[in-house]
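Fold and contact review
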Amino acid sequence: MNDRRRQIADRWQRAVDDVHQAAVQAGRSPDCVRIVGVSKYVDTETTLMLIEAGCSELGESRPQQLAKKAEAISGFPTLRWHLVGHLQSNKVRRTVHFADTIHSIDSVDLLRRVDRAAGELGKSPQLFIEINISGDESKHGFAAEEAVRQAADFFQTEHAHVVGLMAMAGLEADSAESRRQFAALRNLRDRIVAETGKSLPELSMGMSGDFREAIAEGSTLVRIGSRLFDS
Ligand SMILES: *Cc1c(COP(=O)(O)O)cnc(C)c1O
């Protein structure tokens, strides 16, 4: 086993252990929190090392990178690809072809395009509605009130399924502020569920620096990248 391979395997195992521990500390079952290994920082070869270490859900932030890696990596039947970054409308079809989950639905128009492409390609992707919970201007996503207003539309799909909300804490947020923002995302989810009567079981929140706060506030899916790969 070469050094890089061993390092990635160790890092992955440590992330699994830390996520597990954070769930237990929050009084939650560790089985309720999945980890997406965000491989956007590394090449296909290193991504393969992560898969071999046991990561079966991979996240990419750029549609082109996701398609390129998903095309190059085959032979892992349980592997699932997640798009975590912004999706431009001209990349929808190719992304729906390769991605099982899209975390970045930031308009009803994009939702409709994804649903249409899913129908054409015979796919049924899981989708997250991205919320700009911090209010940072640089971030994509629905404003909270806008999401409440448009919530009925989230459930008008035929092929794709909206399963939850996704957000990132603000760039300036410290631990306490991140936790407040994650709590706000959970409350928003609860409000949409109450108002629509639909189910939104998933919360995609938490990254390398703030997954503990996110898990304490109910995250079901953390997106972890840099702590797997930083040297
Ligand atoms: C890069 C990225 C991540 C991973 O963040 P790290 O801090 O590297 O763990 C998670 N979510 C999104 C949307 C990202 O772009």
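A short tour of the structure in this document, coming up. Residue numbers run consecutively from 1 along every chain, following the written order of its sequence. Note on the predicted model: pLDDT of at least 70 is required for a residue's local features to be given, and 80 or more for side-chain atom pairs to be given and counted; whole-chain, interface and lining totals, by contrast, use all residues. Note that the side-chain values use all heavy atoms of the structure and ignore hydrogens as well as water.

**Points about the overall build of the protein chain**
Stated formally: Only DSSP runs of H or I with at least four residues qualify as helices, and only runs of E with at least two residues qualify as strands; both kinds are numbered from the N terminus onward. Throughout, radius of gyration means the C-alpha value; the globule benchmark is 2.2 Å times the number of residues raised to the power 0.38. Each residue is assigned to one of three classes by its accessible area relative to the maximum for its type, calculated with a 1.4 Å probe on protein chains only: buried under 20%, partly exposed between the two thresholds, exposed over 50%. Contact criterion: two residues are considered in contact whenever any of their non-hydrogen atoms come within 4.5 Å of each other. Think of it this way: Lys and Arg go in the positive column, Asp and Glu in the negative one, and His and the chain ends go nowhere. Note on charges: their place is set at NZ of Lys, CZ of Arg, CG of Asp or CD of Glu.
Tallying secondary structure elements over the protein chain gives nine helices and eight strands in all. In terms of overall size, the protein chain behaves like a compact globule, its C-alpha atoms giving a radius of gyration of 17 Å where 231 residues would be expected to give roughly 17 Å. The principal-axis extents of the C-alpha atoms in the protein chain amount to approximately 55 × 45 × 30 Å. The proportion of buried residues among the 231 residues of the protein chain is 48%. For the protein chain, the share of sequence-separated contacts (at least 6 apart) that also reach a separation of at least 24 residues comes to 61%. If the 30 positive side-chain charges of the protein chain are averaged to one point and the 33 negative ones to another, these points end up 2 Å apart.

**Let's talk about the packing of helix α6 (residues 144–154) against helix α7 (residues 175–196)**
Counted only if it meets this: To define axes, lines are fitted to C-alpha atoms, for helices over the stretch in contact only, and angles between the resulting N-to-C directions are given on a 0 to 180 degree scale. Angle categories are assigned with fixed cut-offs, so that under 35 degrees is roughly parallel, over 145 is roughly antiparallel, 65 to 115 is roughly perpendicular, and the rest are oblique. By definition, any crossing whose near helix is turned counterclockwise from its far helix by less than a right angle is left-handed, and any crossing with a clockwise turn is right-handed. Lys, Arg, Asp and Glu make up the charged group, whereas Ala, Val, Leu, Ile, Met, Phe, Trp, Tyr, Cys and Pro make up the nonpolar group; the residues left over, Gly among them, are polar.
Here α6 crosses α7 at 25°, and the two axes come no closer than 10 Å. Here α6 lies roughly parallel to α7, going by the angle between them. The chirality of how α6 crosses α7 is right-handed. Across the interface between the two elements, Ala144, Glu145, Ala147, Val148, Ala151 and Ala152 from α6 touch Leu188, Arg191, Ile192, Glu195 and Thr196 from α7. Of the residues in the contact of α6 with α7, the class split is seven nonpolar, one polar and three charged.

**Side note on the site of the ligand**
Here is the rule we go by: We call a residue near a molecule or strand whenever a single non-hydrogen atom of that residue lies within 4 Å of it. Contacts described as polar in this section are N or O atom pairs within 3.5 Å, which, within protein, must combine one atom able to donate a hydrogen with one able to accept it, while residues neighboring in sequence count only if both atoms come from side chains. Exposure was quantified through the Shrake-Rupley algorithm and a 1.4 Å probe, taking into account, for residues, occlusion by the shown protein chains and nothing else.
Around the ligand, the surrounding shell consists of Val38, Lys40, Tyr41, Val84, Met166, Met168, Met207, Ser208, Arg223, Ile224, Gly225 and Ser226. In the environment of the ligand, an oxygen atom lies 2.7 Å from a nitrogen or oxygen atom belonging to the side chain of Lys40. A distance of 2.8 Å separates an oxygen atom of the ligand from a polar backbone atom of Gly225. Coverage of the ligand by the protein chains reaches 89% of its 390 Å² of free accessible surface. Residues of the shell around the ligand, tallied by class, amount to seven nonpolar, three polar and two charged.

**Things to note about the packing of aromatic side chains**
The line we're drawing: Pairing of aromatic side chains here covers Phe, Tyr and the six-membered ring of Trp, requires ring centres within 6.5 Å, and sorts the geometry by plane angle: under 30 degrees stacked, over 60 edge-to-face, intermediate tilted.
A full pass over the atoms with the stated rule returns one aromatic pair. Summarising the aromatic geometry, the rings of Phe142 and Phe154 are spaced 5.4 Å apart at their centres and angled 70° between planes, so their arrangement reads as edge-to-face. Here Phe154 lies in helix α6 and Phe142 lies in the loop between β5 (126–130) and α6, a separation of 12 residues in the sequence.

**Considering helix α1 (residues 3–25)**
This is how it is decided: The length a helix should cover is 1.5 Å for every residue beyond the first.
An ideal rise of 1.5 Å per residue puts 33 Å on 23 residues; α1 measures up with 32 Å between its terminal C-alpha atoms. Buried residues belonging to α1 abut β1 (34–38), α2 (44–53), α8 (211–216), β8 (221–224) and α9 (226–229). Where α1 starts, the residue carrying a side-chain oxygen 3.3 Å from the main-chain nitrogen of Arg4 turns out to be Asn2. Phi turns positive one or two residues past the end of α1, at Gly27, with a value near 75°.

**Regarding the side chain of Ser39**
Relative to the elements of secondary structure, Ser39 occurs in the loop between β1 and α2. The exposure class of Ser39 is buried, given its relative accessible area of 0%. Leave out the neighbours within four places in its chain, and Ser39 touches Thr47, Leu58, Gly59, Glu60, Lys69, Trp81 and Phe229.

**Quick word on α2**
Of the residues making up α2, those classed as buried are Thr46, Thr47, Met49, Leu50 and Ile51. The secondary structure elements touched by the buried residues of α2 are α1, β1, β2 (57–60), α3 (63–72), β3 (80–83) and α9. With its phi angle positive at about 125°, Gly54 sits one or two positions after the end of α2.

**What about the environment of Asn2?**
Along the polypeptide, Asn2 turns up in the segment before α1. Of the polar contacts made by the side chain of Asn2, one reaches the backbone nitrogen of Arg4; its length is 3.3 Å. Among the polar contacts listed, one links the side chain of Asn2 to the backbone nitrogen of Arg5, at a separation of 2.8 Å.

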